[in-house]
Amino acid sequence: MNMQFMREHSNSMLITLLFGIIIVVFAFEFGPGRRGCSTSQPIAGRVNGEAITIGEWSFYYDQLYSYYQRFDPQFNNEKAEEYKLKDKAMEQIIDNMLLAQAGHDMGLFISEEEVAKSIIEDPSFREGEEDSRKFSKDLYRRMVNYYYKMSVTRYEQKRFSDMMGERVRSFLNNGPVISENFAKSEWALDQEKIGLEFVRFKASRGENNVEVSAEDVQKFIADSMPEIEEYYNTNKFEFEKEEQVHVRHILLREPEDADEETKKSIREKIDSIAEMAKQKPETFEALAKANSEDLSNKEKGGDLGYFGRGAMVPDFEEAAFSMKVGDVSDPVKTRFGWHVLKLEDKKEAFSKKLDEVKEEIARKLVAQKRASEVVKKEAEQFLAGVKEGKTFEELLAAANPVAPEVPNNEAEPAEAPAPDPDALKSEKTGPFTRTATKYIPRIGTEASVFDAAWKLTLEKPLGEQVYVGKNGDCFVIKLVEKIEPNDADFETSKRTTVDQMAGEFGRQAFKSWMDAAREDASIQTNYEAALYAHNNQADDF
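These remarks concern the structure in this document. (Residues numbered from 1 in each chain as written. Predicted model: local features only at pLDDT ≥ 70, side-chain atom pairs only at ≥ 80, totals over all residues. Heavy atoms only, no water.)

### Some remarks on the packing of helix α4 (residues 85-106) against helix α17 (residues 487-520)
Contact pair α4 / α17: the axes reach a minimum separation of 11 Å and the direction vectors enclose 95°. Classified by the interaxial angle, the pair formed by α4 and α17 is roughly perpendicular. Note on element contacts: α17 touches α4 through F510, W513, M514, A517 and R518, opposite D95, L98, L99 and A102. (Axes fitted to C-alpha atoms, helices over the stretch in contact; angles between N-to-C directions. Helix = DSSP H or I, 4+ residues; strand = E, 2+ residues; numbered from the N terminus. Parallel < 35°, antiparallel > 145°, perpendicular 65-115°, else oblique. Contact = heavy atoms within 4.5 Å.)

### What about the sheet that holds strand β19 (residues 523-525)?
Spatially, the three strands line up as an open sheet ordered β4-β3-β19, and their pairing is antiparallel. Of all strands in the sheet, those bounded by a partner on one side alone are β4 (50-53) and β19. Averaged over all adjacent pairs, the angle separating strand axes in this sheet is 20°, with direction ignored. The pairing of strand β3 (residues 43-47) with β4 spans four bridges and is antiparallel. Note on β4: the bridge partner recorded for R46 is A51. (Pairing = 2+ DSSP bridges.)

### Topic: unusual backbone geometry
In this model, N48 sits at a positive phi of 50°, which is unusual for a non-glycine residue. Using a relative accessible area of 38% as the deciding quantity, one classes N48 as partly exposed. (Buried < 20%, exposed > 50% of the residue type's maximum accessible area, 1.4 Å probe, protein only.)

### Here we look at the packing of aromatic side chains
For the structure on display, the rule yields 26 aromatic pairs. Where F432 meets F450, the ring centres are 6.2 Å apart and the plane angle is 45°; that geometry is what we call tilted. Within this pair, whereas F432 is found in the loop between β14 (426-428) and β15 (439-440), its partner F450 is found in helix α16 (residues 447-453), the two being separated by 18 residues in sequence. The exposure class assigned to F450 is buried, which follows from its relative accessible area of 5%. Here the aromatic residues W57, Y61, Y65, Y67, Y68, F71, F75 and Y83 are joined through ring pairs into a cluster of three or more. The positively charged end of R309 is found above the aromatic ring belonging to F321, 4.1 Å away from the centroid. Directly above the ring of Y306 sits K347, whose terminal nitrogen or CZ lies 4.1 Å from the centroid. (Phe/Tyr/Trp six-rings, centres within 6.5 Å; stacked < 30°, edge-to-face > 60°. Lys NZ or Arg CZ within 6 Å of the ring centre and 35° of its normal.)

### Remarks on the side chain of H246
Positionally, H246 belongs in strand β9 (residues 244-253). A residue is classified by how much of its surface remains accessible, and H246, at 16% relative accessible area, is buried. Discounting chain neighbours no more than four positions away, the residues touching H246 are D303, G305, Y306, K342, L343, E344 and D345.

### With respect to the sheet that holds strand β12 (residues 337-347)
On the basis of which strands lie adjacent, the open sheet formed by four strands has the order β10-β9-β12-β11 and antiparallel pairing. Because the sheet does not close on itself, it has two edges, and the strands there are β10 (303-308) and β11 (332-334). Strand after strand, the sheet turns through a mean of 45° between neighbouring axes, direction not considered. Where β9 meets β12, ten bridges bridge the pair, whose relative direction is antiparallel. Its bridge partner lying in β12, V245 is registered against K346. Across the face of the sheet, helix α11 (residues 260-279) comes into contact with β9 and β12 while running at roughly 140° to β9. Contacts between helix α12 (residues 284-291) and the sheet are confined to β9 and β12, with β9 contributing the most and set at about 40° to the helix.

### Side note on the pattern of salt bridges
On inspection of all chains with the given rule, the structure shows 36 salt bridges. Note that K346 and E243 form a salt bridge whose closest N and O atoms lie 4.0 Å from each other. With K346 in strand β12 and E243 in the loop between β8 (240-241) and β9, this pair connects stretches of sequence that are 103 residues apart. On the accessibility criterion, K346 (22% relative accessible area) is partly exposed. (Salt bridge = Lys/Arg side-chain N within 4 Å of Asp/Glu carboxyl O.)

By themselves these figures say nothing about function.
In structure tokens, the structure reads:
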């Protein structure tokens, strides 16, 4: 519907449509703005001068709140603040308004009949028996006023704008036209696969030959603080730990259909076990092996290892975190049965600031870089040997001398030496495709290795240089297989491929358009007024 038409009908518009024998009347009032917008409701924001009312924002907010509560019954106002629900609700409204405004500017047309028809056919506004449900004007008004928190006039304006926005969304999403040739070339990139043989030279191989002085640490801090900050932010799990407890337990299961006599017998037995464990805590492991019905850890003496909050059912967790090291609990009931717990150890929570650990990080990074330099030289010698015509196997045999077996005595066989975790070995990735993350099986996300691998050919399969990974590990790589796409496979999936590609391009185009629209728009929000009115139920219809 164009602007001129709306302005000419700004006072009142009566739409009468005949559906069978039903005559339905709607009032559409459009003011001088795109949505009419003269309203007595408090204003939650504006988009290009167009008002967002408290009622509209409140409706979107409540819908999001209910959505989160369906998945988390404990969801509350504090979590809503944490998840930034007020922002999400406003963003939905703003996006819808920008789309509707663009529709007007593009000259897209939606008739009043289309809007009325969409309302009449909406199942939410129908009453009656299943086979003969009909549109109810009374239900419609009640739903709009109390569920959507708007006046009928305002709701019909919103319906019009939403339909206009949806038409623009569809136009943007369906805009790209993908040719079969382009689709085939893109499909081929996804279908092509290569496989590597590689040797990883772990940086840890060079650590024994590395020394880092206090002067080295301070110099690195002075010269490379951004690198230290990046390591800290990427590896915060090393410097932040939640409280953890190490617990053993004994479980006696109580069947859901157990009668009172059985329940009494189980309770008497768990009380007896708890009493014995409290008198002699050192026997807890043996008691667990003899009595626990938790088969997953029975043979380990009921050992559950370390765990943090949220890992166990609430009653069990509450008991575990309230105990002192060495304590044995009273029997605890959960949905699994009756438990007796023993607290073996407790690790307090900690969070270290960057200033507290910058020297530790600097020392680690300097050692890593120097160790990497050591193993890089070793890898370069290995690569030189390959270029001279030696095989991976020959070079690995020379690099990994077999340690002699250690005899115990004449009556027993010799003890095999423990494997060296840093020993060199040849590995194969198996076939892999081009990916946005540049991930290689058995190697990981190493961009330098990935980019080099896709430049190799079966005629020239050896990587020309040693490639250094993010953690200082070095790689020598060789192409061992290349799988070309099969044209026949494309023919069988051509239509699906073209449609999927068009859909993806459409989604990207839509996202780019929305980002640009938000950037160019004049957007103001008033969350404080919105939340105040919402919490005080200040709806003005």
